[in-house]
Amino acid sequence: MTRAPAGRVVLAAAAVVLLALTLRLAVASLSPLLTVIERDFAVPAAIVGLIGMAPPVAFAVSGMVTPAIERRLGLERTVLIAAILGAAMLALRAAAVDAGSLLAATAGIFAAVGVANVLLPTVVKKYFPARIGLMTTVYSTTMAVATFVPPLVAVPLSDAIGWRGSFTTWAGVAVAAVVPWLLLSLRARASRADVVEEPRASVLSRVVRVPQTWALVATFAVNSSVAYSMFAWMPLLLIDVAGVDAAEAGGLLAIFSFMGLPVSLVVPVLVARLGRTTPFYVIAVVGGLAGIGGLLVAPAAATVLWVVLIGIPPLLFPLALTLFGLRTRSHETTVALSGFVQSVGYGLAALMPLTLGLTRELTGGWTAGLVILGVVICAAAPAAVVMARRESIEDAWERRTGRVW
């Protein structure tokens, strides 16, 4: 892989950071303002439920279609289109006139975010091949910060300039993210650097036959199941089982969200430097099971501790993002692997928030749902065994089949 010019690398770094900021601002800036929005028009519970399920569903669909789009348009242009679509949908969300238009704009945002989610690991591999761990740290940390900041400032911002003004502010950040991607796309187009070899039709069929791929699917599904289940249900769960009030429950959710920051800072760099993944899986599984056990046995005794422990399994997110780049040899394989893993992983994760809600309705409590979530977390254990083998997807396929990739 040739070294990119320094100017293009700096531009790529700015593009990655601004896009990563946009990805999570788009996701985290809506739910705190739903009660404020309802002063202008009704947002039925069914719509709220659909909005809650929209991220993993949209990300799963995006994971399926993104590799094909990227092959046709090129890497930089595909990300540019996603950035433009995200900015436009954020602006439309600020102009929503009813629950339907709010849902439609939000679905459009998540579709754009899903495309960018799939391609960011490939961007890092292309522009920073010797610094995959460092750049994954940079953008995953940016995403973590952008996850817990909007809930803290969205309501005060809305009080000052209205909920439409609050959404417009985030749309402005998204517009800023478009600029470096436009420049990067033009540079790549001029140098034909966005053109890759015509991918072989067999790449995805080979990727899905490698155990490491399915281990990464389990990794992504566990992370996303915990994250989206807690984002959807943690406040109500804590109110019911720990006896906290609504304000305290919201603060505990912020603590859960904040846990993504320290792990995003250290996990990618450590994985890239040490090459070992097993310790991270062990910490994620043990921490998550301890948190769930605490909520089942003594929820009010150390509620903050249980929340912190449940916030540990999402360390699997930056771990997976890093491995997309470290465990592939080519651009082509990175896109195929990222798209497939995120598609299937998010699709599976979309079932967990629904499962928690259904079990609560059927049983009148949270015990069954928490036990199921604990079983899901245990799925990371066999994934750890598979990923302990330090080889690329291509090498694994060649070893299993005896043929050249």
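The model shown is predicted, which means the values in this text are computed figures rather than measured ones. (Residues numbered from 1 in each chain as written. Predicted model: local features only at pLDDT ≥ 70, side-chain atom pairs only at ≥ 80, totals over all residues. Heavy atoms only, no water.)

**Q** Got a sec to walk through the overall build of the protein chain? Specific residues and values, please.
**A** From N to C terminus, the protein chain includes 18 helices and 0 strands. Here the C-alpha atoms of the protein chain give a radius of gyration of 21 Å, agreeing with the 22 Å that 2.2 N^0.38 yields for 405 residues. On the principal axes, the C-alpha backbone points of the protein chain span a range of 60 × 45 × 30 Å. Residues classed as buried in the protein chain amount to 55% of the 405 residues present. (Helix = DSSP H or I, 4+ residues; strand = E, 2+ residues; numbered from the N terminus. Rg over C-alpha atoms; globule rule 2.2 N^0.38 Å. Buried < 20%, exposed > 50% of the residue type's maximum accessible area, 1.4 Å probe, protein only.)

**Q** An account of a nonpolar patch on the surface is requested, with residue identities and associated values reported.
**A** Together, V57, V61, M64, V65 and I69 make up an exposed nonpolar region whose accessible area comes to about 400 Å². Within the element layout of this structure, I69 appears in helix α3 (residues 45-73). By relative accessible area, I69 is classed as partly exposed at 35%. (Patch = residues over 30% accessible without salt bridge, like charges linked within 9 Å, V, L, I, M, F, W, Y side chains within 5 Å. Areas by Shrake-Rupley, 256 points an atom, 1.4 Å probe, with all protein chains shown as cover. Salt bridge = Lys/Arg side-chain N within 4 Å of Asp/Glu carboxyl O.)

**Q** I'd like to hear about the environment of G347, residue by residue, with values.
**A** Its location among the elements puts G347 in helix α14 (residues 331-349). A relative accessible area of 29% places G347 in the partly exposed class. With 29 residues separating them in the primary sequence, G347 and V376 have C-alpha atoms 14 Å apart. G347 has contacts with P56, A60 and Q342, leaving out every residue within four places of it along the chain. (Contact = heavy atoms within 4.5 Å.)

**Q** Any details on the packing of helix α15 (residues 351-363) against helix α16 (residues 367-378)? Residues and values, ideally.
**A** Axes are the key here: two packed helices are described by the angle between their axes and the distance separating the axes. Where α15 meets α16, the axes come as close as 8 Å, and the angle between the chain directions of the two elements is 150 degrees. With respect to each other, α15 and α16 are oriented roughly antiparallel. Judged by the twist between their axes, the crossing of α15 over α16 is right-handed. Residues M352, T355, L356, T359 and T363 of α15 pack against A368, G369, L370, I372, L373 and V376 of α16. Considered class by class, the residues forming the contact of α15 with α16 number 7 nonpolar, 4 polar and no charged. (Axes fitted to C-alpha atoms, helices over the stretch in contact; angles between N-to-C directions. Parallel < 35°, antiparallel > 145°, perpendicular 65-115°, else oblique. Left-handed = near helix turned anticlockwise from the far one by under 90°. Nonpolar A, V, L, I, M, F, W, Y, C, P; charged D, E, K, R; others polar.)

**Q** Kindly report on empty space enclosed by the protein, identifying the contributing residues and their values.
**A** Throughout the structure, instances matching the rule amount to 1 cavity of 30 Å³ or more. Looking at the largest cavity, it is lined by 15 residues, and the ones nearest its centre are L19, T22, A82, A83 and G86. At the level of elements, α1 (6-28), α4 (75-94), α5 (99-127) and α6 (132-191) are the ones that each hand at least two residues to the lining of the largest cavity. With 5 residues, the top contributor of residues to the lining of the largest cavity is α4. (1 Å grid on protein atoms, 1.4 Å probe; cavity = no way out; pocket = protein on both sides within 12 Å on 5 of 7 lines; lining within 4 Å. Points joined across faces, edges and corners; volume = space filled by probe spheres on them.)

**Q** Please give an account of the packing of aromatic side chains that cites residues and values.
**A** Counted by the stated rule, this structure contains 12 aromatic pairs. On the numbers, 5.7 Å between centres and 80 degrees between planes, the contact of F231 with F256 is edge-to-face. Of the two residues, F231 sits in helix α8 (residues 211-242) while F256 sits in helix α9 (residues 246-258), which places them 25 residues apart along the sequence. Looking at F231, the relative accessible area reads 35%, which means it is partly exposed. By relative accessible area, which is 4% here, F256 ends up buried. Sitting over the ring of F167, R93 keeps its end group 4.6 Å from the ring centre. Looking at R206, its charged tip hangs above the ring of W397, at a distance of 4.4 Å from the centre. (Phe/Tyr/Trp six-rings, centres within 6.5 Å; stacked < 30°, edge-to-face > 60°. Lys NZ or Arg CZ within 6 Å of the ring centre and 35° of its normal.)

**Q** Describe in detail the environment of A104, supporting the description with residues and values.
**A** If you trace the backbone, A104 turns up in helix α5. For the pair A104 and P150, spaced 46 residues apart in sequence, the C-alpha to C-alpha distance is 21 Å.

**Q** Describe in detail helix α13 (residues 316-326), supporting the description with residues and values.
**A** Of all 11 residues in α13, 10 are buried, a share of seventy percent or more. Residues of α13 that are buried: L316, F317, P318, L319, A320, L321, T322, L323, F324 and G325.

**Q** For the environment of M234, give the residues involved together with the corresponding values.
**A** One can find M234 in helix α8. Classification of M234 as buried rests on a relative accessible area of 1%. The spacing of M234 and M64 is 170 residues in sequence and 30 Å in space, taken between C-alpha atoms. The contacts of M234, once residues within four sequence positions are left out, are S229, L252, L253, F256 and V307.

**Q** Any details on the pattern of salt bridges? Residues and values, ideally.
**A** Enumeration according to the criterion identifies 6 salt bridges in this entry. The partner of E76 in a salt bridge is K126, with the nearest N and O atoms 2.7 Å apart. In this pair, E76 is assigned in helix α4 and K126 in helix α5, connecting sequence segments 50 residues apart. K126 matches E76 in its accessibility class, with the two residues each being buried. Here E398 ties to R329 by a salt bridge, and the two come within 3.2 Å at their closest N and O atoms. Of the two residues, E398 is situated in helix α18 (residues 393-401) and R329 in the loop between α13 and α14; the sequence distance between them amounts to 69 residues. Overall, E398 belongs to the partly exposed group, its relative accessible area being 22%. With a relative accessible area of 42%, R329 lands in the partly exposed category. Beyond isolated ion pairs, a larger network of salt bridges with shared partners links R329, D395 and E398.

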